[in-house]
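Structural overview for review
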Amino acid sequence: MIVNSQIGVLLSDHFAGLCMVQLPLEDAVLSLKRELSRFGPVVESETVELRDALTRFGPVLSFPTNVLLCDCGEWTAVRSSSRISDDSAIAFGFTKQPGVVSAVFVARADERAFMYIKGARTMRQVRVSDEGGVWVWLDDGDPLPFEGKYTARRKADRLTPEIVAGYCLTVTGVPFQSVWRRPGTRAVVFTRSTHEVQM
């Protein structure tokens, strides 16, 4: 992970969750700016190299004050600084635009998930999570053509981090593990005001 040591450990786990939107960076920036502005003032950084953007991104807090967008070609990777996962909320915001697709990939030790969203509607979702020592399995929507069978007896083995990473590569063409590790990649950070939020 190309982050400085003071936030590196926390962000390593934080970036195990990922929202990808099928828009180039410039279009994703405009779309997110429109969406976030509905809730109050936002400040957009200039487009910078990913290493610089990551140093501006922290700290990870309960309230999502920063949102990072990273250029992945035809797709843009998006991550908020919220300690509470809000990938699906971000993904839904982008898909309000006609024809825009977004996908959420989570590959943590205690949670794995894949969501495919189009037209502000979840078309497909599979998720497994450790809920206090009990693994809970969710399977919703019609399987996509590339999905395997989820037949493992142990729920935790049905959707592994490796499977999630494979889905990310299949859907976006971008390796999950390398999204935040590519020197020279362009990125933008949005900062939301914590004082003037409109309801």
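Structure's up top.
The structure reproduced in this document is the subject of the present report.

The rules behind each value
Residues numbered from 1 in each chain as written. Predicted model: local features only at pLDDT ≥ 70, side-chain atom pairs only at ≥ 80, totals over all residues. Heavy atoms only, no water. Core = buried A, V, L, I, M, F, W, Y, C linked by side-chain atoms within 4.5 Å. Buried < 20%, exposed > 50% of the residue type's maximum accessible area, 1.4 Å probe, protein only. Helix = DSSP H or I, 4+ residues; strand = E, 2+ residues; numbered from the N terminus. Contact = heavy atoms within 4.5 Å. Salt bridge = Lys/Arg side-chain N within 4 Å of Asp/Glu carboxyl O. Pairing = 2+ DSSP bridges. Phe/Tyr/Trp six-rings, centres within 6.5 Å; stacked < 30°, edge-to-face > 60°. Lys NZ or Arg CZ within 6 Å of the ring centre and 35° of its normal. Disulfide = S-S within 2.5 Å. Arc of directions from axis to C-beta.

Focus on the nonpolar core
The tendency in soluble globular proteins is for nonpolar side chains to be buried side by side. Ranked by internal contacts, the top residues of the largest apolar core, which has 33 residues, are Leu18, Met20, Leu68, Ala77, Phe105, Phe114 and Trp180. Among the elements that take part in this core, helix 5 (residues 161–172) stands out by supplying five residues, more than any other. Setting aside residues up to four positions removed in sequence, alanine 77 forms contacts with Leu18, Cys19, Met20, Leu68, Leu69, Cys70, Cys72, Val179 and Trp180. In terms of nonpolar packing, the next biggest core, distinct from the first, is built from 23 residues, Cys19, Val21, Val67 and Phe94 among them.

With respect to the pattern of salt bridges
Using the criterion set out here, one finds seven salt bridges in the structure. Glutamate 147 is the partner of arginine 124 in a salt bridge, and the nearest nitrogen-oxygen pair spans 2.8 Å. Placement of the pair is arginine 124 in strand 8 (residues 121–131) and glutamate 147 in the loop between strand 9 (134–141) and helix 5, with a sequence separation of 23 residues. Take arginine 124 and glutamate 147: they sit in the same class, and that class is buried. One network of salt bridges, in which partners are shared, links Glu26, Asp71 and Arg186.

Details of the pairing of strand 6 (residues 101–108)
Within strand 6, eight of the eight residues are buried, leaving the element largely enclosed by the surrounding structure. Covered by surrounding structure in strand 6 are Val101, Ala103, Phe105 and Ala107 together with Ser102, Val104, Val106 and Arg108, the residues of both alternating faces. Across five bridges, the pairing between strand 1 (residues 17–21) and strand 6 is antiparallel. When the bridges of strand 6 are listed, valine 21 appears paired with serine 102. Note that strand 6 and strand 7 (residues 111–118) share eight bridges and pair antiparallel. Residue pairing across strands places serine 102 opposite isoleucine 117, the latter belonging to strand 7. Here strand 6 folds back onto strand 7, and the loop between the two strands holds two residues.

What to know about the packing of aromatic side chains
Centre-to-centre distance and the angle between the planes together describe a pair of aromatic rings. Under the defined criterion, the tally for this structure stands at five aromatic pairs. Taken together, a centroid distance of 5.3 Å and an interplanar angle of 65° make the contact between phenylalanine 146 and tyrosine 167 edge-to-face. Within this pair, whereas phenylalanine 146 is found in the loop between strand 9 and helix 5, its partner tyrosine 167 is found in helix 5, the two being separated by 21 residues in sequence. The class for phenylalanine 146 is partly exposed, based on a relative accessible area of 29%. A relative accessible area of 6% places tyrosine 167 in the buried class. Clustering of aromatic rings is evident, with ring pairs tying together Phe105, Phe114, Phe146 and Tyr167. Directly above the aromatic system of tryptophan 137 lies the positively charged group of arginine 158, at a separation of 5.5 Å from the ring centroid.

Some details on the environment of arginine 182
Of note, arginine 182 is situated in the loop between helix 5 and strand 10 (186–192). On the accessibility criterion, arginine 182 (24% relative accessible area) is partly exposed. Considering only alpha carbons, one finds arginine 182 and cysteine 72, 110 residues apart in sequence, at a separation of 9.7 Å.

A short note on the state of the cysteines
Inspection of the entire model under this criterion finds zero disulfides. No disulfide involves cysteine 70; its nearest neighbouring cysteine sulfur is the one of cysteine 72, lying 4.6 Å away. Taking relative accessible area as the criterion, cysteine 70 reaches 0% and is therefore assigned buried. Judged by relative accessible area, which is 10%, cysteine 72 ranks as buried.

Focus on helix 3 (residues 50–57)
Those residues of helix 3 that sit buried are Leu50, Ala53, Leu54 and Phe57. The buried residues of helix 3 all sit within an arc of 100° when viewed along its axis, so they share a single face.

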